[in-house]
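Observations on the three-dimensional arrangement
Residues per chain, in single letters:
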Amino acid sequence: MTFEVAPLEDDRPKHFCGVVGMALEGDAVPHLKKALRIIQHRGQESAGIAVSTGGAISYVRGMGLVHEVLTGRQYNALAGNRGIGHVRYSTSGSSCAENCQPITVTTKEGDLALAHNGDIVNAGSIRDKLQSEGWAFLTSSDSEIIVRMLATELSNSPDPVRAIKTVMRTLEGAYSITMMLDGRVFGFRDPFGFRPLCLGRLPGGYALASESAVFDVLKGEFIRDVLPGEIVEISSSGATSTRTPAAPHCAHCMFEWVYFARPDAVIEGREVYQVRTNIGHILAKEQPVEADVVVPVPDSGRAHALGFAEGSGIPYAEGFMKNRYIERTFILPDQSQRDEGVLLKLNPIRSTVAGKRVVIVDDSIVRGTTMLKIVQMTRRAGAKEVHVRIGCPPVIAPCFYGVDMKTREQFAALNRTPKQIAELITADSVGYISQAGLVRALGIPESELCLACVNGEYPTRIAGEKMRFQRTLEV
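Note that the structure is predicted; figures quoted are calculated from it, not measured. (Residues numbered from 1 in each chain as written. Predicted model: local features only at pLDDT ≥ 70, side-chain atom pairs only at ≥ 80, totals over all residues. Heavy atoms only, no water.)

Taken in spatial order, the 7 strands make up an open sheet running 3-2-4-1-10-9-11, and their pairing is antiparallel. In the strand order of this sheet, the two ends are held by strand 3 (57–63) and strand 11 (221–225), each with one partner. Sheet twist, expressed as the average angle between the axes of neighbouring strands with direction ignored, equals 15°. Sheet topology note: the strand 2 (residues 46–52)/strand 4 (residues 82–88) ladder contains 7 bridges and is antiparallel. Residue pairing in the sheet places Ile49 in a bridge with Gly85 of strand 4. (Pairing = 2+ DSSP bridges. Helix = DSSP H or I, 4+ residues; strand = E, 2+ residues; numbered from the N terminus. Axes fitted to C-alpha atoms, helices over the stretch in contact; angles between N-to-C directions.)

Printed below as a string of C-alpha cells:
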C-alpha cells in the first residue's frame, strides 16, 4: 500500500490570547517581557506591552513573537513600574498590525491601555450602535469596543471601578482583561469565567496573568484565580477586590486543560498536567486497543499519552521528532512557503514504530487534516497498524468565545461515526474520550464547564444555537 503525503498543517484549535499586568516597586518592563515569553504559547501573531510611572503611557507592540517585538531602541527606552502586556492569536478581527495590543487611548481621566483575552459575542451589535452614534473605529478587533465603552463611561465619572462595572453589564461573552488607567492596574473577568486569569505576588509587587506559571518562573507566588465577575486592582503593596454578580453557573473552557494551557499551570485548582494524565487513564479504559506501543503527538499530546500508557499497560515511547526551530508557518507570506515549512515540523522515529501496532494519542481532532498526515507518516515509517486515541470528545460545534473554530463545515466529526473518521484519516481505528469521562478527569462539575464545542449547548444566548440547560432549541 502506498500513500501520498500532503503537507502537514496543524489544524488543532488555535490558541486565543494571553494577558499580564504588573505593579512593582522597580522597573516592570523586563518582567513584563519575561511574563509574555512564559505565555507565548497562547498567541504567536503579535505582542506588546504598555507601561507607566503613574501618568502618561508608553508602549511597544507589533507583529511577531515577544522577543522579536520587544527589542530595539523603542523598547529599550521604555520605563515604568506598572504595566500590562498581551500576546495575540486573532479570533475576532484580522491578523494585522492595527489589531495588536495593548490598545491605548487618551481619556478624560488619563491614558488608558487594555489587553483582552476572549471574544465578545455581542460585539457586532455594540459596534453598530456606537457607529450610529457617530463613533469611528480604528481596528476590527472587539477589544477596541471595550476601550471605547470604558472611555465613554470615564467621561461621565472618574471612578474606573464604576466604569468597568457598567461596561461589564453590557458585554456578553468571554473576557479576561488587564487594564491600566493613569498608572492604576486592574484585572477583570467575565461573569462565566470562560478564560483564566490569576493573581500572584512577585518580588517587589503584585501581578495578574493568564496562567499561574508566570509567578513560578518569575520566582513569585501564585495566590489565587481571579473569580468570575471579579475586578481586582493591584499595587506594589497589595491587591483590592470588587465583586460583581457572577453567573449562576460558571463556564470554564475545557480546552484550557485539554490543550491550551501549559502543563505546569494550575487553573481553578486543577493542575493541567494531572488533568491530562487523568484523561489518558480514562481514555485507555473507555477506548481499549491491542497494541505494542503508545506514542504522543508532541507536545500537547504527551501527558495524555503517558496516562493512556499507564492506564492500558502498553509501553510508552517517543514516536515523533519535532523541530522546535521551524518558522511559524501560519504567518509565512504565501502557501508554498507554508507548505515547505510544515513538512519540516515532525518526523517519525522508525525504531519506535516499524513493524508495530501503534497507538497515536493526541489532544483533539478538528478538521482531521493534521492527523491524516501523521497517520500516513507513521505507516510510511513501517507501522503494522495505526490506531488513534483522542483526549477530547468529538468537536462538532463552533466556538464563539475565543477559540478559532467558527464553522461547522470544518469539523471532521460532524455527522461521522468513529469508523468513518478512521477511514477519513486512514487509521485502523479512532477512539475519543466521552464527555462524561472528560468531566470526570477534570474534577469540575459539568454545570461549571463550557462544553459547547462538543455538545452544541452554549452558556450564553447565541442566535440559532441551543443554550445550556434548555430542553429544546425553541425554548
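Next comes the rest of the description.
Attention shifts here to the packing of aromatic side chains. Applying the stated criterion across every chain, the model contains 8 aromatic pairs. Judged by centre distance (6.4 Å) and plane angle (50°), the rings of Tyr401 and Tyr458 are tilted. Within this pair, whereas Tyr401 is found in the loop between strand 21 (385–390) and helix 14 (418–424), its partner Tyr458 is found in strand 24 (residues 457–458), the two being separated by 57 residues in sequence. The exposure classification of Tyr401 matches that of Tyr458, with both residues buried. Its guanidinium or amino end placed over the ring of Phe137, Arg127 lies 4.5 Å from that ring's centre, counting from NZ or CZ. Over the ring of Phe137 we find Arg148, and its NZ or CZ is 5.6 Å from the ring centre. (Phe/Tyr/Trp six-rings, centres within 6.5 Å; stacked < 30°, edge-to-face > 60°. Buried < 20%, exposed > 50% of the residue type's maximum accessible area, 1.4 Å probe, protein only. Lys NZ or Arg CZ within 6 Å of the ring centre and 35° of its normal.)

So, about the nonpolar core. Core analysis: the largest hydrophobic core is formed by 80 residues, its most contacted members being Met254, Phe255, Phe308, Ile360, Met371, Val388 and Met405. Broken down by element, this core gets its largest block of residues, 6 residues, from helix 9 (residues 272–286). Excluding residues that lie within four positions of it along the chain, Ile360 makes contacts with Val295, Val297, Phe320, Met371, Ile374, Val375, Thr378, Val386, His387, Val388 and Arg389. (Core = buried A, V, L, I, M, F, W, Y, C linked by side-chain atoms within 4.5 Å. Contact = heavy atoms within 4.5 Å.)

In the predicted model, the protein carries a mean pLDDT of 89, and 89% of its residues have values of at least 70. Below a pLDDT of 50 lies the segment residues 327–342, which in the model reaches 22 contacts outside its immediate sequence neighbourhood of four places, other chains included. (pLDDT = per-residue confidence, 0-100.)

This part covers the packing of helix 9 against helix 10 (residues 302–312). Where helix 9 meets helix 10, the closest approach of the two axes is 6 Å, and the angle between their N-to-C directions is 45°. Compared by their axis directions, helix 9 and helix 10 come out oblique. The interaxial crossing formed by helix 9 with helix 10 has right-handed handedness. Taken together, the residues of helix 10 that come into contact with helix 9 (itself represented by Tyr273, Arg276, Thr277, Ile279, Gly280, His281, Leu283, Ala284 and Lys285) are Ala303, His304, Leu306, Gly307, Phe308, Glu310, Gly311 and Ser312. Here the residues of the contact of helix 9 with helix 10 sort into 7 nonpolar, 7 polar and 3 charged. (Parallel < 35°, antiparallel > 145°, perpendicular 65-115°, else oblique. Left-handed = near helix turned anticlockwise from the far one by under 90°. Nonpolar A, V, L, I, M, F, W, Y, C, P; charged D, E, K, R; others polar.)

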